[in-house]
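Structural description and commentary
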Amino acid sequence: MFDGVSLEWLPQSTAIEFFGIKFSLPFTIDFKSNSIISAYTLSLQLSVTTALIGGIFGFLLAYAAILGGLPRSVRTALLTFSGVASNFAGVPLAFAFIATLGRLGFVTVLIKNVTEQLTGTPFDLYQTGFSVFGYVSLTLTYVYFQFPLMVLIIAPALDGLKKEWREASENLGASGWQYWRLVAFPVLLPSILGTMILLFSNAFGAVATAYALTGGNFALVTILIFRQIRGEVLQNPGLGYAVAVGMIFIMAGSLAIYYWLQRKSERWLKQ
Amino acid sequence: MSFLELYNVRKTFGQTDAVRAFNLQVERGEFISFLGPSGCGKTTTLRMIAGFELPTSGKISLNGNDITYKPPQKRNTGMVFQSYALFPNMTVADNIGFGLKIAGEPKSAIQKRVDEMLALIKMNQFGHRYPYQLSGGQQQRVALARAIAIRPQVLLLDEPLSALDAKIRVSLRQEIRSIQQKLGITTIYVTHDQEEALSLSDRVVVMNDGRIEQVGTPFEIYNFPTTEFTAQFVGTLNTIQATVRDAALGALIVANQEITTSQKLEGLQNGDAHSIAIRPERISFAADGKKPNVLNVRIETITFLGSIVRIQVSAGENIFYMDTFNNPFLSLPKIGDLVEVTFSKEAVLVLKNE
Amino acid sequence: MKKFPLGSWLIIFVGFTYFFLPLIGTLDFSLRILKDQITLDAYANVINAPRFQNTFTYSFTMALWTIAACTLLVAPTAYWVHLKLPHLRPIIEFITLLTFVVPAILLVFGLIRIYSRPPLSLMESEIGSDFLLVMGYVSLTLPFMYRAVDNGLRAIDVRTLTEAAQSLGAGWRTILFSVIFPNLRAALLSGAFLTFATVIGEFTIATFLARPAFGPYMANLGQTRPYESTALTMISLALTWISIGMIQLLGRGAQGQIAGTR
């Protein structure tokens, strides 16, 4: 018993080799533990925030590049960079952000110099309480691989908006804004929401980035499991499982919602 | 002043002239087809009337108003697209009522109009369906209703039947025509299918390579083509090489035999070579009754096409076709036979040189 | 209609700035190992370090094994499903989606639970652990390899090609190797490059299986040698860029994918 968590658990052998987890009921979990709740809260907060920010920003970028009247090369460049950025996650990304926003980081120093030149007094980011190892920085780091993922996934959906729909709506008297509000946006909504769910579960399951950035000090759900496996916490198998089970539920739930939204939009757009 | 006028309309894309010097006057309530092969400029012209393309030069006026540069929203034209373009997130009823909703009409008026339209296209029970639940033909009818619901001054159809099965095409085009006649809407219909154009239109505009070849009623276009392109594009046409014997008399030599045409041989000297054209159905066997022109020909092939028997004959270097109605008791000549065929003077068409 | 799209350019500018700033920061940092000088010394140190070469070689080898295992698993399966069992397609797609949903950390959790004690104590031996590692990587990249191959198959109308080959007298081996796989080359190579990029940077599984892989090496270096680790970061970025570039070249518009560590 640790922090109010009790767990009875019957292990089962795996059917497929690399799916190492197969739970069976009955087990009971008592989630009264503070540390677990705060870990979940933090993870959920981070995941929802970065999914929203990454989702909206990614959507705007994709829209600008595909439908915003820009040359074709911008679209190609954006898709390539998005492919790179979304795969850049993990340890290297964390280091990149430390090098950029750390106490002696590129941007930190840049801001100091520029503000000194413009106003005479240098502005030190770190005096505001900001730290590259803190929550805001972690959010920015996560967004770095979230918004490219949104761009990549929503790009084909934007391509799928038929030119004739816009022309038909104009022909019937609608302005550009009305077209978006009444036709394009509703058609895209399932895809956008579905992708945001994907972004959510993407962030929720991430660990390497946070670990490399904060050294395992940031109490996210995934870090908790990480520390558990490492044996860095007072040994309590129940804690690890409890957290893992909760995580599986959240991931599975996200997947189910994502699936439902996909089916809906596919049905509408079937010709 | 006609209801819809295009005056010297020109459209250039980069280096290419998609539409050149297009002049047309359309009366109110007329059904006009733009007929031509792919790339002839017919869709581009239609889109300029709708406002999706702006002319490089020229003027378009509708009911006295200059609409050349007006945005599409303000033109009050109704467009039907080849791919139907129904809004997938809306029901049939919402699709049809879309234009009225944008115009700010009250819900009750919209409902009434939508019901009217559903009755018009005979889909009264379909109001709550979504486009993905409809067949292609049904979707196109809804698209038509949606365009008509806003009471447009001109109805524009861009190859509306091309994406549909053959059978649906025939029944739907009749429906379109009868709706158009009932409501008296001025209509422009773009197609590459001459059967559609001929069967539906009051007048046909034959286009090729951005230019108007000929404008006329279906009867005129078919029977009195004024350009070689029109003659060849509309219906089947035989082209025969002839030499002018006497331009004033309309006398020509084909394969060392003389025939006469009732058309004028303008600008031609005796001895000039020129193409003439004859429709296959205007040629018959001399044995069935002689007409002013008689030619000795050799039978090359005989093809049974159902209601028509198409016979390929040769006169010297010329090979051409004659069509004769199928008759079970018909005695047809055999391949290799030499027979006399005949046709009137009016059947010999002299085409303008390009 | 031809007005200058200011809003679009603005957003793109913000986006690309966001993207490039950390990269510039990293590059800048990595060049400053000697105070007030711009040198490539950090890169030299890194590349010459034996541990770099060892771990990189190790990860590279693991990547090759993963690619092989994945291809052998995916290609024939996808082909067979396409040809004979089309009704199984949604099920297989769902399964591949499942592996995407189980993140690396959960996977590791389960792996350790099952394989660190008898009877399946694979983790006791190095070979066993290597095997687990490759299996873990395969599970991570399976969805994307499958999707790539599936799209490739869809594009080439498998059924007709097979029937044509059969009618000309070809046996199964000929069909697979002379007809189908050559047409899938682009898809398979795309999958291979993605797998490569994923495996090289992977951290979580390798750490817990205590294998000498590139990812953990990078992380450890960060604790002690900041300049070298940022140089390493730039190298890793270059590798990712090349991989994605190859995929773009091969795919000509293939959807973006991500796999592996985040």
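Residues numbered from 1 in each chain as written. Chains lettered and ligands numbered in written order. Predicted model: local features only at pLDDT ≥ 70, side-chain atom pairs only at ≥ 80, totals over all residues.

1. So, the sheet that holds strand S5 (residues 65–66) of chain B
Heads up, the condition is: Any two strands between which DSSP finds at least two bridges are classified as paired. Secondary structure is summarised from DSSP: a helix means a run of H or I of at least four residues, a strand means a run of E of at least two, and numbering begins at the N terminus for each.
Strand order in the open sheet made by the four strands is S2-S1-S4-S5 (chain B), with antiparallel pairing throughout. Looking at which strands have only one partner, the edges of the open sheet turn out to be strand S2 (16–26) and S5 of chain B.

2. A few points about the pairing of strand S3 (residues 31–35) of chain B
Residues and elements named next belong to chain B. Operational definition: Here a residue counts as buried when 20 or more other C-beta atoms sit within 10 Å of its C-beta, as exposed when there are 12 or fewer, and as partly exposed otherwise, the C-beta atoms being derived from the backbone.
For S3, the tally of buried residues reaches five of five residues, placing the bulk of the element in the interior. Neither face of S3 is exposed, since Phe-31, Ser-33 and Leu-35 on one face and Ile-32 and Phe-34 on the opposite face are all buried. Pairing between S3 and strand S9 (residues 203–208): four bridges, direction parallel. Residue Leu-35 lies in a different strand from S9, and its bridge partner there is Val-206.

3. Side note on the arrangement of the chains
Rules: C-beta atoms are first placed from the backbone for all residues, and any pair lying within 7 Å is then listed as a contact.
Of all two pairs of chains in contact, the one with the most contacts involves chains A and C. Contact between chain B and chain C is absent, and the least distance between their C-alpha atoms amounts to 10 Å.

4. Overview of the interface of chain A and chain C
Note: interface size is frequently given as the accessible area lost on complex formation between the parts. Facing 60 residues of chain A, the contacting portion of chain C comprises 55 residues. When residues in the side of chain A that touches chain C are grouped by element, the largest group, 10 residues, is from helix H2 (residues 72–87) of chain A.

5. Some details on the interface of chain A and chain B
We apply this condition: Three classes are used: nonpolar for Ala, Val, Leu, Ile, Met, Phe, Trp, Tyr, Cys and Pro, charged for Asp, Glu, Lys and Arg, and polar for all others, with Gly counted as polar.
The partner chain B presents 19 residues to the 19 residues of chain A that form the contact. Elements with a minimum of two residues in the side of chain A that touches chain B: helix H6 (163–171), helix H7 (176–204) and helix H10 (237–269) of chain A. Looking at which element gives the most residues to the side of chain A that touches chain B, the answer is H6 of chain A, with six residues. Broken down by class, the residue content of the side of chain A that touches chain B amounts to nine nonpolar, four polar and six charged.

6. Examining the pairing of strand S17 (residues 308–315) of chain B
Residues and elements named next belong to chain B. Where strand S16 (residues 293–304) meets S17, six bridges bridge the pair, whose relative direction is antiparallel. Paired with Arg-298 across the strands is Ser-314, a residue of S17. By the bridge criterion, eight bridges tie S17 to strand S18 (residues 318–325) in an arrangement that is antiparallel. Note on S18: the bridge partner recorded for Ile-311 is Met-322. Following S17, the chain reverses through two residues before pairing antiparallel with S18; Gly-316 in that reversal takes a positive phi of roughly 65°.

7. Looking at the domain arrangement of chain B
Rules: What marks off one domain from the next here is an automatic or database domain assignment.
Looking at the assigned domains, one finds that chain B contains domain 1 (4–232) and domain 2 (236–350). Computed over C-alpha atoms, the centres of domain 1 of chain B and domain 2 of chain B are 39 Å apart.

8. Description of unusual backbone geometry
Residue and element names in this part refer to chain B. We note that Arg-151 has phi near 55°; this positive angle belongs to a residue other than glycine. Position of Arg-151 relative to the elements: it lies in the loop between helix H4 (136–149) and strand S7 (154–158). Look at Arg-151 and you get partly exposed, because 13 C-beta atoms sit within 10 Å. For Ala-255, which is not glycine, the phi dihedral falls at a positive 50°. In this structure, Ala-255 sits in the loop between strand S12 (251–254) and strand S13 (257–260). Taking the number of C-beta atoms within 10 Å as the measure of exposure, Ala-255 has 16 and is therefore partly exposed.

9. Some thoughts on the sheet that holds S18 of chain B
Residue and element names in this part refer to chain B. With respect to topology, five strands assemble into an open sheet ordered S15-S19-S16-S17-S18, the strand pairing being antiparallel. The two strands at the open ends of the sheet, each matched to only one other strand, are strand S15 (284–285) and S18. Across two bridges, the pairing between S15 and strand S19 (residues 338–343) is antiparallel. Paired with Ser-284 across the bridge in S19 is Thr-342.

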